[in-house]
Amino acid sequence: MKKNAIDKSEYPQTAEIENRCVNILADLWHAKENYIGTSTVGSSEACMLSGMALKFRWRHLAEARGINVNKQKPNLVISSGYQVCWEKFAVYFDVELREVPVDPRHLSLNLEKVLDFVDEYTIGIVGILGITYTGKFDDIKALDRLAADYNAQHEHQLVIHVDAASGGMFAPFTNPELEWDFRLENVVSINTSGHKYGLVYPGVGWVVFRDTKFLPQELVFKVSYLGGEMPTMAINFSRSASQIIGQYYNFIRFGKAGYREIHERTRSVALFLAEELRKTGLFEVLNDGENLPIVCYKLKETSHVKWTLYDLSDRLLMRGWQVPAYPLPHDMEEVVIQRYVCRADLGHNMSSEFVADLHEAIKELDQAHILFHDGDVKTYGFTH
Ligand SMILES: *Cc1c(COP(=O)(O)O)cnc(C)c1O
C-alpha cells in the first residue's frame, strides 16, 4: 500500500509487475508484438486515455489530408447505453458524443444505423463489451466488418475502441471463441476494470493499444527508470501500487483455469436467477446472464400487477437487498428495468435466499393496498 505506483525509478519491481499484467492482458486479448498498455485507476481513466489517443491520431491524419479540423468538433460514435465516463470524456476533451439510440430490438449498438452517425470528423467508434444498463454485448465482430467496408471506400479510416470494463476479463475465460478483441483488425484499443471481473478490490483499470502507432507520442511521457527511461501515460499521478499487486496476485494465483471456474460459477448463479424470474410469469428477461452474469428484466405488459419495479426495489430493501430499478437510456426511457450484477461472492446459497425473499416481496405487494402519488414522485436514475 505504501509503494507509489507512479515512481518507476524508486520502485522498479512494482513497474515490472505492472508490465507483466499488461503483457498478460495483451496475450489474453490476442495483441501481437508492438502493443503498449498501462494500469489506471479504473476504466474511466482508461477510457479518457483511449479517447484522447483517438482524438490526437484523428487530428494528425485529418490535417495531413487537408481537412479543416477547426470547422466542427470531432465526434465519437457510441450506443446510447454508454457508461457515464464517456459523457465526461466528451465534455472534458471537447468532443461531440454521437449516440446511436438503443431500441427494443437492439439493447446494444444498432449496426443498421451506426454508419449514419459517421463523418470525416469521427475520431472512432466505441463498442461496448457489456452495456452497463443491460449487460448485453455489442456485436464487435460485425462492427469490425462495417468498419472494414467503410475503410475500403474512404480515405478517412474508422477505428474501434472496445470498452470492455466488464467483459474484458470475463469473456476470454468463459467464451474464448467470441471474437471481439485484437483478432479484429480495426480494434485499436481496449480497456477493462480490474475491480470488476478482474476480481481485485477498487480501483484498478487497464488499457492496451494494439500498436504503439495508435498512441500518439504527445500523450507519452518519459520517466527515469533504473538509470534509463520508460514511457508512461496516465492522467492521474500518485497512487498506491496495491491494486496492481492485487491484480498480479490474482493472475498468478487463479490462472486461466481459476478465472474460468470462478466466472462459470457466477454465470450459473445468474442463469439460475433468470430462470427463477421467468418462472414467476411476471417478468420478461432481457438479459439472462449468458454473456455476462448480469440479469436484467422488466415487468411483462401482460402481468397486470398494481405495483412497479420501484415498489419491488423498496420491498427488497426491507430485507437488506439493494436491487436497483431505473429507466433505459434515451429513446427507451419509458421502459423501466431492474438489474442484478452477479459477482464472485454471490454464491448459490445466497441467491436461493434472495429468491425466497423475492417471492415473499411479490406476495406482499400483490396483497398490499398501494397508494399512488398525485404529484411527481422521485424517479430513480442510473448514475454509475
Ligand atoms: C463500469 C464501467 C465503466 C467505468 O469503470 P470504472 O472502473 O468504474 O471507472 C466504463 N464503462 C463501462 C461499460 C462500465 O461498465
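Since the structure is predicted, the reported quantities are computational estimates derived from the model, not experimental observations. (Residues numbered from 1 in each chain as written. Predicted model: local features only at pLDDT ≥ 70, side-chain atom pairs only at ≥ 80, totals over all residues. Heavy atoms only, no water.)

**What about the site of the ligand?**
Lining the immediate surroundings of the ligand are 14 residues, of which S44, D163, S193, H195 and K196 lie closest. At 2.8 Å from an oxygen atom of the ligand is found a side-chain nitrogen or oxygen belonging to S193. Burial of the ligand by the surrounding chains reaches 87%, relative to a free accessible area of 390 Å². Of the residues assigned to the shell around the ligand, the class counts are three nonpolar, nine polar and two charged. (Near = heavy atom within 4 Å. Polar contact = N/O pair within 3.5 Å; in protein donor to acceptor, adjacent residues only side chain to side chain. Areas by Shrake-Rupley, 256 points an atom, 1.4 Å probe, with all protein chains shown as cover. Nonpolar A, V, L, I, M, F, W, Y, C, P; charged D, E, K, R; others polar.)

**Observations regarding the pattern of salt bridges**
A side chain with one charge may pair with a side chain of the opposite charge, provided their charged atoms come close. Taken as a whole and judged by the stated rule, the model has 17 salt bridges. Residue K73 is joined to D94 by a salt bridge in which the shortest nitrogen-to-oxygen separation is 3.2 Å. Of this pair, K73 sits in the loop between α2 (43-64) and β2 (75-79) while D94 sits in the loop between α3 (84-92) and β3 (96-100), and the two are 21 residues apart along the sequence. For D94, a relative accessible area of 44% gives the class partly exposed. (Salt bridge = Lys/Arg side-chain N within 4 Å of Asp/Glu carboxyl O. Helix = DSSP H or I, 4+ residues; strand = E, 2+ residues; numbered from the N terminus. Buried < 20%, exposed > 50% of the residue type's maximum accessible area, 1.4 Å probe, protein only.)

**Examining the sheet that holds strand β10 (residues 283-288)**
Strand order in the open sheet formed by four strands is β10-β11-β13-β12, with antiparallel pairing between adjacent strands. Both edges of this open sheet fall to β10 and β12 (325-327), since each of them pairs with a single strand only. Direction aside, neighbouring strands of the sheet carry axes that sit 30° apart on average. By the bridge criterion, four bridges tie strand β11 (residues 294-299) to strand β13 (residues 336-341) in an arrangement that is antiparallel. When the bridges of β13 are listed, V295 appears paired with Y340. Along the sheet face, helix α6 (residues 242-280) touches β10, β11 and β13 and points at about 165° away from the line of β10. Each of β10, β11, β12 and β13 touches helix α7 (residues 309-318); the most contacted strand, β13, lies at about 35° to it. (Pairing = 2+ DSSP bridges. Axes fitted to C-alpha atoms, helices over the stretch in contact; angles between N-to-C directions. Contact = heavy atoms within 4.5 Å.)

**A short note on the domain arrangement of the protein chain**
Examined at the domain level, the protein chain breaks down into domain 1 (12-254) and domain 2 (262-366). Computed from C-alpha coordinates alone, the two centres of domain 1 and domain 2 are separated by 30 Å. At the junction of the two partners, domain 1 supplies 25 residues and domain 2 supplies 23 residues. Taking both partners together, domain 1 and domain 2 bury about 2,100 Å²; carbon and sulfur atoms supply 68% of that area. At the surface where domain 1 touches domain 2, the tally comes to zero salt bridges. Seen at the junction of domain 1 and domain 2, the total is seven residue pairs in polar contact (both at pLDDT 80 or more). Among the residues making up the side of domain 1 that touches domain 2, the classes are represented as 13 nonpolar, nine polar and three charged. (Domains from an automatic or database assignment. Buried area = accessible area lost by both parts, 1.4 Å probe.)

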